[in-house]
Amino acid sequence: MKETIDEHWDYINKRREFVKFERRDFECKKQYSKEKYLGLLNTFSPHMSMEASKRKEFFKEIELIIEDFDNQVLKHYKTVLLLATKT
């Protein structure tokens, strides 16, 4: 992900039609219960498109791992805002 952000930043900075460059990074954490996190995972296309038996096995393994961590998942999120004014 870092490479993609850096590539966009480099591309914008090299363009002569842009001025006043600014980058803003926003980070946050969200804690999920086991049930909420498994529900979240179930909304992701790669998981939804898995063969049913593989998806069931995958979710069972994830569930066991989460149980080793007090039935909680702490997820870190980062949003990067790249701003530039077009001349």
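Parameters and conventions
- Residues numbered from 1 in each chain as written.
- Predicted model: local features only at pLDDT ≥ 70, side-chain atom pairs only at ≥ 80, totals over all residues.
- Heavy atoms only, no water.
- Helix = DSSP H or I, 4+ residues; strand = E, 2+ residues; numbered from the N terminus.
- Rg over C-alpha atoms; globule rule 2.2 N^0.38 Å.
- Buried < 20%, exposed > 50% of the residue type's maximum accessible area, 1.4 Å probe, protein only.
- Contact = heavy atoms within 4.5 Å.
- Phe/Tyr/Trp six-rings, centres within 6.5 Å; stacked < 30°, edge-to-face > 60°.
- Lys NZ or Arg CZ within 6 Å of the ring centre and 35° of its normal.
- Core = buried A, V, L, I, M, F, W, Y, C linked by side-chain atoms within 4.5 Å.

Draft legend 1. Representation of the overall build of the protein. Within the protein one finds four helices and two strands. Along the protein, helices (α) and strands (β) appear in the sequence α-β-α-α-α-β when read from the amino end. Since a compact globule built from 87 residues should have a radius of gyration of about 12 Å, the 19 Å found for the protein marks it as more spread out than a globular shape. Seen through its C-alpha atoms, the protein measures out along the principal axes to roughly 55 × 30 × 15 Å. Across the 87 residues that make up the protein, the buried fraction comes to 14%. When contacts within the protein are restricted to residue pairs at least 6 apart in sequence, long-range pairs at least 24 apart make up 76% of them.

Draft legend 2. Main features of the packing of aromatic side chains. Applying the stated rule across the entire model yields three aromatic pairs. Between F58 and F59, the aromatic rings sit 5.4 Å apart at their centres with planes inclined by 90 degrees, giving edge-to-face as the arrangement. One cation-aromatic arrangement involves K75 over Y77; the distance from NZ or CZ to the ring centre is 5.4 Å.

Draft legend 3. Representation of the side chain of H47 within the structure. Relative to the helices and strands, H47 resides in helix α3 (residues 45–48). Here H47 is in contact with L41, R55, F58 and F59, once residues within four sequence places are set aside.

Draft legend 4. Region of interest: the nonpolar core. If you look at the biggest cluster of nonpolar residues, it comprises seven residues: Y32, Y37, L38, L41, F59, I66 and V73. Those elements that place two or more of their residues in this core are α2 (34–41) and α4 (52–67). Beyond its immediate chain neighbours, meaning those up to four positions away, F59 contacts L38, L41, N42 and H47.

Draft legend 5. Spotlight on unusual backbone geometry. Of note, D70 is a non-glycine position whose phi angle comes to about 60 degrees, a positive value. Position of D70 among the secondary structure elements: in the loop between α4 and β2 (72–86). Residue D70 is classed as exposed on the basis of its relative accessible area of 67%. The backbone phi angle of N71 is positive, close to 60 degrees, even though this residue is not glycine.

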